[in-house]
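Structural overview for review
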Amino acid sequence: MTTHRAYWAVALAALIALPFVYRDPYHLHILVLILIWSFAYTSWSIMGRFGLVSLGHGGFMGVGAYVTALLWNHLGVSPWIGIPLSMMAAGVLAVVVAYPCFRFRITGHYFVLVTLALSGIVLQVITATRDYTGGSLGYTPDRTKGNQLLALQFDDKITWYLIALFVWLMGLLIWRWVDRSMSRYAMEAISDDEDAAAAAGVNVTFEKLKITLISALMTALAGALYCQYQMFISPDTVSGIAVSLQMVFAVIVGGVYVSLGPTVGAIITIMLAEILRISFGTKAVGWDNLVYGVLLVLFIIFLPKGILGSIIDRFKTRPERPVEKSVAKPVAP
Amino acid sequence: MQAFLDIFDIYLLEAVVNGILLGGVLALLALGLNLIFGVIDVTWICYAELVMIGMYGMYYLVQVFGFPYWAAAPITILLVAALGAALHFIVIAPLLTAPPINQLLATGGVLFILQSFATVAFGIDFRNLGIRLPVLALGDMHFSYSRLLSFAAALIGMVTVYLFMTRTYTGTAIRAISQDRQIMSLMGVDTRRLYVITSALGGALAGLAACLLVLQYDVHPFVGLSFGPITFLICVLGGLGNFIGGFIAAFVFAEIISLGGLFSDLEWGYVLAFAFFIVMMFIRPAGLFARRS
């Protein structure tokens, strides 16, 4: 186990040292994007791995990004306060939608459709309040003339890289914490058979709500960070069904049952989009999503455990965790 | 009569009637989605995108190839029906034994494919048929013929499906299969054939909706997003697979959208509809017309 820790420490040190050694701004930019999106995808997988398939995460992300930016532009509230507020807003939204769903046992198809509608509605609200949010044209947080730290706006990529790295690590730690907590067993029991879990003394509504809330808060943070980094948000890039599906796609491609799966998914999707963009230029509009779509269908049919999940399965020889039924089950039970 | 009309705000009445007209098309969409869910137990997330492809089909047939509207409509309906059958063959059939969520996500992938295919093939410009139907003036109220036509055609479409389901052998088999999947295959019914027929029928309904919607709205690759989510809300509120529930819920939602749009922007109508939906979920979680089991 100690060697395992050592590997992690070395990898982490290398990741921290990277921007000081390698300074190419474009590559750093791609890395920051990968880290932020990895964090968003990780937060989706925290609930997605238990069969709580949400297509509403685009909505949470949009709330995170827009509330932070609106508070800054209209009220001058620093993102340091705005981000927690936006996370709270997303959390309230998550509870308002998820509580009746869980309380009244709305599962499976129903849950997916309700959350899908949620992300569609957040998109509509942003478009409808175009006087404040700029509607579908997008929105830019005002550039600060004062303290960069206070406004959470940094010009250099290295600072952003370190921030994104830190948040990404936090995301992995939360994933691990859930993975090792009692909640995991409760949630696995729930996803196998809700009635049986309830009969065994699991508070089904509470456990599901807890996981959903954690996931929504993290997603809102990802949205706010994306906004602060890119300094431009539009309903299409941070909210709506397309973003929600993009999250699902990346997580499934990477692997929903392994902690680094969403990260692998983010690396693959962002690299794919960038390669297409560089090689085809503006003609590439639409092509990346076309490739995503085809890959998503192919993965669900042929490789439901994702790339990383399948690789780990193949090399896993440890006797204490054989490929049992619950692990071998594809995507969501 | 005039005194009676004066009691009501004339705009309110107009909005109510327009809501009913909108409800017809929404009910058609909900019927298609419910049919597929009821029979195959799959939710096509990409249903509204099939409509979008159908709208492009209409646009190209009418504007580019010069077909008259009445000739282009059947071709479009057949085209989208074929697309529905193909969707079943290529994506759903290999996943029939997979968990339901996987099937649903796979159709999510198809949503991506259709949207970006439209972006790549047709561009992101807004397009329309260039057909402007006259407006019917009734007292001080104005109703566009395109809406009246859509409503009538949607009703005819729904009645046709109803007759097909109740009067034909295949329709009876489809209704039976939605009651019990296992038993029907034991009874010697070819479920695979029925699944393809149902998918084609669902596609045909999407095609019909496309022919009607293209009269009222411009088509662009993301047009599906403007009525897709609301269709899902309708189906959930009516109870997935419940045809009557979906039908009534469609009109309830259409009224909310239309009246909400009267007092503010159309988007607020959608927001209001969503708020209503959440409240209803607390009151009747299994849909408006769920039977108590």
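Everything here concerns the structure above.
The present account deals with the structure reproduced in this document. For clarity, every value in this text was computed on a predicted model and none was experimentally measured.

Definitions and cut-offs
- Residues numbered from 1 in each chain as written.
- Chains lettered and ligands numbered in written order.
- Predicted model: local features only at pLDDT ≥ 70, side-chain atom pairs only at ≥ 80, totals over all residues.
- Helix = DSSP H or I, 4+ residues; strand = E, 2+ residues; numbered from the N terminus.
- Rg over C-alpha atoms; globule rule 2.2 N^0.38 Å.
- Contact = placed C-beta atoms within 7 Å.
- Buried ≥ 20, exposed ≤ 12 C-beta atoms within 10 Å, placed from the backbone.
- Core = buried A, V, L, I, M, F, W, Y, C linked by C-beta atoms within 7 Å.
- Expected span 1.5 Å × (residues − 1).
- Axes fitted to C-alpha atoms, helices over the stretch in contact; angles between N-to-C directions.
- Parallel < 35°, antiparallel > 145°, perpendicular 65-115°, else oblique.
- Left-handed = near helix turned anticlockwise from the far one by under 90°.
- Nonpolar A, V, L, I, M, F, W, Y, C, P; charged D, E, K, R; others polar.

Let's shift gears to the overall build of chain A. Helix and strand counts for chain A stand at 17 helices and 0 strands. Radius of gyration (C-alpha) of chain A: 20 Å, near the 20 Å computed for a compact globule of 333 residues. Taking the principal axes of the C-alpha coordinates as reference, chain A spans close to 55 × 45 × 40 Å. A fraction of 77% describes how many contacts in chain A between residues 6 or more apart in sequence connect residues 24 or more apart.

Okay, the overall build of chain B next. Scanning chain B from N- to C-terminus turns up 12 helices and 2 strands. Helices (α) and strands (β) of chain B occur, in sequence order from the N terminus, as α-α-α-α-α-β-β-α-α-α-α-α-α-α. Taken over the C-alpha trace, chain B has a radius of gyration of 19 Å; the compact-globule value for 293 residues is 19 Å, and the two agree within 12%. A principal-axis box enclosing the C-alpha atoms of chain B has dimensions of 65 × 50 × 35 Å. Pairs at least 24 apart in sequence give 77% of the contacts found in chain B among residues at least 6 apart.

Let's shift gears to the interface of chain A and chain B. With 42 residues of chain A at the interface, the matching set in chain B holds 39 residues. Residue assignment for the side of chain A that touches chain B shows that the elements contributing at least two residues are α4 (79-103), α5 (108-128), α13 (241-254) and α15 (287-302) of chain A. Of all the elements, α5 of chain A adds the most residues to the side of chain A that touches chain B, at 14 residues.

Attention shifts here to unusual backbone geometry. One non-glycine residue with positive phi stands out, namely Met-231 of chain A, at about 60°. Summarising the element assignment, Met-231 of chain A is placed in the loop between α11 (204-230) and α12 (235-238). You can call Met-231 of chain A partly exposed: it has 13 C-beta atoms within 10 Å. Backbone geometry at Asp-41 of chain B places phi at a positive 65°, although glycine is not the residue there. Inspection of the secondary structure puts Asp-41 of chain B in the loop between α2 (10-40) and α3 (47-64).

Further remarks concern the nonpolar core. Counting residues in each nonpolar core, the largest one holds 201 residues, and the members touching the most others are Ile-36 of chain A together with Leu-26, Met-55, Ala-209 and Phe-253 of chain B. Here this core gets 16 residues from one element, more than from any other, and that element is helix α9 (residues 191-216) of chain B. Once you skip the residues sitting within four places of it in the chain, Met-55 of chain B turns out to touch Ala-210, Leu-213, Val-214, Val-219 and Val-223 of chain B.

Time to look at helix α2 (residues 25-48) of chain A. Along its 24 residues, α2 of chain A runs 34 Å from first to last C-alpha, staying within 8% of the 34 Å computed at 1.5 Å per residue. With 17 of its 24 residues buried, α2 of chain A lies for the most part within the structure.

This part takes up the packing of helix α4 (residues 69-92) of chain B against helix α5 (residues 100-122) of chain B. All names here are of chain B. It is the contact of α4 with α5, at a shortest axis distance of 11 Å, that shows an interaxial angle of 120°. In terms of axis orientation, α4 runs oblique to α5. For α4 against α5, the interelement crossing comes out right-handed. Packed against α4, whose contacting residues are Leu-87, Val-91 and Ile-92, the element α5 presents Gln-103, Ala-106, Thr-107 and Val-110 at the interface. Of the residues assigned to the contact of α4 with α5, the class counts are 5 nonpolar, 2 polar and no charged.

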